4 protein chains.
Amino acid sequence: MAGSTYGTIFRISTWGESHGKGIGVVIDGCPAGLSLCEEDIQQFLNRRKPGQSIFSTPRKEDDKISILSGIFEGKTTGTPISMWVENTSQRSHDYTQISSAYRPGHADYTFHEKYGFRDYRGGGRSSGRETIGRVAAGAVAILILKQMGIYFTTFTRSIGPITIDENNFDASAILTTPTCMPDLDASKAAENYLKECMTNHDSAGGVIECQVEGLPVGLGDPVFEKLDANLAKALVSIGAVKAFEIGEGTRASLLKGSENNDAFTITEDGISKKTNHSGGTLGGISDGAPLIMRAHIKPTPSIFTSQETVTNSGEEITINIKGRHDPVIVPRAVVVVEAMAALTILDALLLNMTAKLDSILNFYKK
Amino acid sequence: MAGSTYGTIFRISTWGESHGKGIGVVIDGCPAGLSLCEEDIQQFLNRRKPGQSIFSTPRKEDDKISILSGIFEGKTTGTPISMWVENTSQRSHDYTQISSAYRPGHADYTFHEKYGFRDYRGGGRSSGRETIGRVAAGAVAILILKQMGIYFTTFTRSIGPITIDENNFDASAILTTPTCMPDLDASKAAENYLKECMTNHDSAGGVIECQVEGLPVGLGDPVFEKLDANLAKALVSIGAVKAFEIGEGTRASLLKGSENNDAFTITEDGISKKTNHSGGTLGGISDGAPLIMRAHIKPTPSIFTSQETVTNSGEEITINIKGRHDPVIVPRAVVVVEAMAALTILDALLLNMTAKLDSILNFYKK
Amino acid sequence: MAGSTYGTIFRISTWGESHGKGIGVVIDGCPAGLSLCEEDIQQFLNRRKPGQSIFSTPRKEDDKISILSGIFEGKTTGTPISMWVENTSQRSHDYTQISSAYRPGHADYTFHEKYGFRDYRGGGRSSGRETIGRVAAGAVAILILKQMGIYFTTFTRSIGPITIDENNFDASAILTTPTCMPDLDASKAAENYLKECMTNHDSAGGVIECQVEGLPVGLGDPVFEKLDANLAKALVSIGAVKAFEIGEGTRASLLKGSENNDAFTITEDGISKKTNHSGGTLGGISDGAPLIMRAHIKPTPSIFTSQETVTNSGEEITINIKGRHDPVIVPRAVVVVEAMAALTILDALLLNMTAKLDSILNFYKK
Amino acid sequence: MAGSTYGTIFRISTWGESHGKGIGVVIDGCPAGLSLCEEDIQQFLNRRKPGQSIFSTPRKEDDKISILSGIFEGKTTGTPISMWVENTSQRSHDYTQISSAYRPGHADYTFHEKYGFRDYRGGGRSSGRETIGRVAAGAVAILILKQMGIYFTTFTRSIGPITIDENNFDASAILTTPTCMPDLDASKAAENYLKECMTNHDSAGGVIECQVEGLPVGLGDPVFEKLDANLAKALVSIGAVKAFEIGEGTRASLLKGSENNDAFTITEDGISKKTNHSGGTLGGISDGAPLIMRAHIKPTPSIFTSQETVTNSGEEITINIKGRHDPVIVPRAVVVVEAMAALTILDALLLNMTAKLDSILNFYKK
């Protein structure tokens, strides 16, 4: 089944393995007329590039994007945009152990059972490198949304037990701290926590929050294609995400109706809500308030302590994972969350253009 | 856009409004040869029927299902199964206020903005009655999965701050308590909490958990069509769901890798995991352990205290909602969660049949 | 697999069998704000209703449409429109023979093999009555297109060897002749030909042509979603259609480039073509000239002479078909061709709204 | 809209322009375990490569395929297969005229209107080179089908007025004659016809026939997803195809029911048909007889005589096309037709696995 395709109008297909020739994506359905060059994409890929701090794998990859089609005279033509990043730093490992053993917390066992065998080099298709295609395509979506006044603020809300203090919120810190936390103090504390994890050959998880401002009212469709339902799929489809929240999220179940409802009011910009417990959607449709969603990420499964596992020949063994692994993937996953949210929102925005007959008649009026 | 359609192979389209002629669903893609009659469906609809306890709306609806097509001599024929429930208890309300005012926490404002106007009678398409189509179709999916040894246990984990005690777990209580809690003590406490809410003209939320046993290893596809990603969409597409968790869920972000990884071992049934922190998926593919997922549900937005809001002509008003409304929708939503999970799992199961060339060759071998 | 669903944005799901409770359709994705009532649909269904001439089955069916959802205060709401026609004239036949024997030219054998058994009463799902759902949904599409100045002229071009003379073209005859031919002389000749077929207990085929005027330039997408490719699927999906042509069609293969190319010119309406060999598309995209397409229809397979066939238990037999059958289905299929063309064009028109970034930015500009 | 994506389970996305960096395709949904290397694909691409006879453009392109992902240890892994061909022979033309003028019979005008501008170099995305991605993906489908005993015979049936004589049918000639005709005499006559066209600076069309043997009964789904409907879309989606036929095709409309029906009989292989007027489908589902379909192709629009046209600034001009163009595209399109048929059949075959509950239960039985 076609599991690597995402989107209805703005549709992407990603491909590539950790240790194959490269990682790429084809965008089919990008509107014509967008100014686009490789640098526009590269700035987003750089946010997920390895080797930028002591908390990310020292694997040296430039992750340099090439655009192969879909651009003419600096603009998108409406036809498919094919992009890829060549893999350049595949170390010639000794894969003897990993080729037969199933690493706990990884997709080794399930891939092997599903497909009969697997590309075991560096996780193959289930490697985090798979997200390069998502980020490259997401960058295009973000650029389009920016032209419509839609902006993203995506950051690390917590690492392990260390959470940011909203009173210290400093958006500029997102791109400068190694944790992508918008709070310098929390970031320092998280760095110490991570160092301790590394000392113990262990790993950590965390929470990423994505806020989106400037959405028109009306995105998302009733019933199954609710905007928040599609955002849930988008974020949980990122490897390692174990929970999704919108607005009050899990906390909503503890509130009373009188606490959770957002009262409407009239401002100079028209109708708005006095609070935003809903996180920007009502009935699955954007309500004009900022979208607020969170992805909860599990600790990196690759840890450097001995673990019990089995081989594909049915033998129980102890495995000791080697190689280059991030003690936490949260900071590098921030831009992946942003990319997936942007792809989902852009698709909803394009689909919403056909909601009203009047708008359609007006669109085609000569 | 076609928001009321769900699934790739086993595909459903639901229709109908709270105060229209009825609510229905068409299943397109049900395999041929399943024994099916109206009673098979009715038993599931009865679990979400109103008026079964003091905590659900006294609206009297039989919600009696009729099958209109797709069955011949008691069996599904492979062609579309059309089913519907006639609406019989639409009171002729005075809709003067609600027709122009936007109820806080409801989809009134967003529907109106998206479509230019809305069917304001009882929530129209965004009413909870919309889920009748989901449950009827889900019942068919559950019956098919049962034949493969796949079983569901779905229940209320908490209402407001009252949570079940795992040590008191009594599955038989799910269908007998008014809360659908599998813990008689917790249920009593929750009932008291709800009565207090009602006294205060307020409402409550809660958490529903769904466990699925008997899944083969290999369901779900890598990257975007991960089983847990699709379950996230399925559950968040239910109105009022604000968060989705699988396995450890939000708690995973607090654990260390050494705590969260599930060790593999060999049992007499073959490879299995010693623990199930992952909740039954690895890399988005079912791992043979029980699927464990949770939906967090917000308090019913219809409360009987005065609320501030606006009208569609831009006037600020105070609204006092009347009518028949559940102080908590959690117990009635339990079977909806089960239905959505079943539809998602069955579709993944059908799609998975094409994963291996060997299996395909074997399937078509004469 | 979900074979009864059609369309991407304006998506329909049809259901029902010849001798079941009824035949229906759900439209998911109809824009909000269209004035719509049952009479609007009924006029199209009447064009395919049986019993209107001696050349159509005397089965008495009113084919009266009921709308069950999606309309509020006389207008579409943007939510699913469910419609159905109750079956009222299922004669209680003796199905002993047909239940085990495979009728030549029918889908009996293939349905039985695919699904393991079949609803053999009157063809079940493969009956021509299945097209009621298509026509009801197509009627909605035609009404929307009409508001944009897009008009259909669909007619019988030939029955057996009798073809209309373009010089005699009289559009008003389409709805008045029993053949739906826009040429009174040709119609008379065709009627005589059909009477002869009936005398010989035989049946005839024919050709339906559909012309569409008023399309904007730009509908259809490059490569796989070409407008003509989707029209080909739409028309060949109608049972009994064995060939599809656009523009010069099969004749194009005999022409030279200098004969087949359409020169461009400037008129007061802007760019247009001096001829229309292409039939209204270039590169799969509408070119502003009228769309011209044809569907070639085989003779009705139900004939009243003895035929050799086999039973599902592997016995060779002679079959003598009884019952009520049209000696030619072409006249009743004219409105079905029109409906399928309209559904395809409307979907292309909605999808085309997202082709250009400028149009999108303009659409969402406040 | 995503026009460059095709297929439901075995889904492909193609990309690339005539004068861009290259042309490629991603296959998402290929079953795991197929032995596959670049040579397997190359042999199919060689059949559409330019420069193989005096009747095809002398543009020198190796069209050498590279596989970038999805293969491990010589086998498909179930994950996306990305392949591409680098463009190496883009002459640096003078595009002054063509950049503003619309060539008759080409997609220049419609692309320009749809997207606001176009890549005018060599046709851009609407160039025949686009079909490289189809053929590369189709090759994989053909290899899989071959393992199931499903074989293709695809050939030129006619060029202009010259048609093969079935009595002279010699399949070995398909790959040796410059016309791909399986009849040496007809091929000679066609070659002379083409030389005459070239002398007159004109071009020719023709008919391609594709026969498929070995299909199981049951492929295709009722109503909209009929096998022949999808084949119609597949073939008409190839640029320049103006008509599609299955079985008797256009001739069926002239036959009587008694002539067109295929009688069933019992042979040692079980149920079969005495004739094959239907062309291998009944009710849109494969009936076990060979599939027989035809694509009618228009003459190459690029001719070397003066033609009237207009520019995008609204000026009427006379255009004289230069460059390298085939006087007939039929021989090079033969493998494209085969590829599109194979992609469609394979997808139907994978989808058909879920038709019967019994087969599903059996598939998952431990």
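Structure first, text after, so check above.
Every residue gets a number counted from 1 within its own chain, in the order that chain's sequence is written. Here chains are named by letter from A upward and ligands by number from 1 upward, in the order in which they appear as written. This being a predicted model, a pLDDT of at least 70 is required before a residue's local features are given, and a value of 80 or more before pairs of side-chain atoms are given or counted; all residues contribute to the totals for chains, interfaces and linings. Calculated side-chain values reflect all of the structure's heavy atoms, with hydrogen atoms and water omitted.

**Q** Give a description of the relation of the copies chain A and chain C that names residues and reports values.
**A** Our superposition of the copies is a least-squares fit, built on the C-alpha atoms of residues whose pLDDT is at least 70 in both. At an RMSD of 0.0 Å, chain A and chain C line up after a rotation of 180° and a shift of 0.0 Å along the axis. Classification of the inter-copy transformation places it as that of a two-fold axis. Two residues qualify as a contact provided that any one of their heavy atoms is within 4.5 Å of a heavy atom in the partner residue. Same-surface contact between copies: 100% of interface residues of chain A are shared with the interface of chain C.

**Q** Give me the lowdown on the sheet that holds strand 16 (residues 291-297) of chain D, citing residues and values where you can.
**A** Consider a sheet: its strands pair through backbone hydrogen bonds, and that pairing is either parallel or antiparallel. If you trace the 10 strands from one edge of the open sheet to the other, you get 9(C)-8(C)-10(C)-16(C)-11(C)-11(D)-16(D)-10(D)-8(D)-9(D), paired in antiparallel fashion. Looking at the sheet topology across the chains shown, the edges are occupied by strand 9 (162-163) of chain C together with strand 9 (162-163) of chain D. Of the strand pairs in this sheet, strand 8 (residues 151-159) of chain C and strand 10 (residues 206-213) of chain C are connected by 8 bridges, and their pairing is antiparallel. Within the sheet, the bridge partner assigned to Tyr151 of chain C lies in strand 10 of chain C and is Glu213 of chain C. Here the rule is simple: two strands pair whenever DSSP picks up at least two bridges between them. Secondary structure elements follow DSSP: runs of H or I of four or more residues count as helices, runs of E of two or more count as strands, with numbering from the N terminus.

**Q** I'd like a rundown of the relation of the copies chain B and chain A, residues and numbers included.
**A** Mapping chain B onto chain A calls for a screw motion: a turn of 180° about the axis and a shift of 0.0 Å along it, with 0.0 Å RMSD after fitting. Mapped onto chain A, 100% of the interface residues of chain B again fall at the interface, so both copies present the same surface.

**Q** So what's going on with the interface of chain A and chain C? Residues and values would help.
**A** Across the boundary between the two partners, chain A contributes 27 residues, which contact 27 residues of chain C. In this assembly, chain A packs against chain C so that about 2,400 Å² is buried in total across both faces, 75% of it on carbon and sulfur atoms. For chain A, the biggest contributors to the area lost against chain C are Met353, Leu357 and Tyr364 of chain A; these three give 28% of the whole. Each reported salt bridge corresponds to a side-chain nitrogen of Lys or Arg within 4 Å of a carboxyl oxygen of Asp or Glu. Viewed at the interface, chain C and chain A are joined by 0 salt bridges. Under this definition, polar contacts are N or O atom pairs within 3.5 Å; protein pairs additionally need one hydrogen-donor-capable and one acceptor-capable atom, and for neighbouring residues in sequence, both atoms have to be side-chain atoms. For the pair chain A and chain C, the number of links is 8 residue pairs in polar contact (both at pLDDT 80 or more). Reported buried area values correspond to the accessible surface (1.4 Å probe) lost by two parts on association, with both partners' losses combined.

**Q** So what's going on with the pattern of salt bridges? Which residues, and what values?
**A** Inspection of every chain in the model, using the stated rule, returns 80 salt bridges over all chains. The partner of Asp287 of chain D in a salt bridge is Lys273 of chain D, with the nearest N and O atoms 2.5 Å apart. Of the two residues, Asp287 of chain D sits in the loop between strand 15 (285-286) and strand 16 while Lys273 of chain D sits in strand 13 (residues 270-273), which places them 14 residues apart along the sequence. In this structure, a network of salt bridges that share partners links the residues Arg157, Glu166, Glu209, Glu245 and Arg294 of chain A.

**Q** Talk me through the interface of chain B and chain A; I want residue IDs and the actual numbers.
**A** Contacts between the two partners involve 105 residues from chain B and, on the opposite side, 105 residues from chain A. Interface area, chain B with chain A, both sides summed: about 8,500 Å², of which 61% is carbon and sulfur. Counting across the chain B and chain A interface gives 6 salt bridges. A salt bridge links Lys274 of chain A to Glu308 of chain B; its shortest N-O distance comes to 2.5 Å. Counting across the chain B and chain A interface gives 41 residue pairs in polar contact (both at pLDDT 80 or more). For this classification, Asp, Glu, Lys and Arg are treated as charged, while Ala, Val, Leu, Ile, Met, Phe, Trp, Tyr, Cys and Pro are nonpolar and the rest, including Gly, are polar. For the side of chain B that touches chain A, a count of residues per class yields 44 nonpolar, 37 polar and 24 charged. Two strands pair when backbone bridges link them, and strand 11 (residues 241-246) of chain A and strand 11 (residues 241-246) of chain B are joined in this way by 3 bridges, in the antiparallel orientation. Its bridge partner being in strand 11 of chain B, Ala243 of chain A is matched across the sheet by Glu245 of chain B.

Remember that the coordinates give geometry; whether it matters functionally is a separate question.
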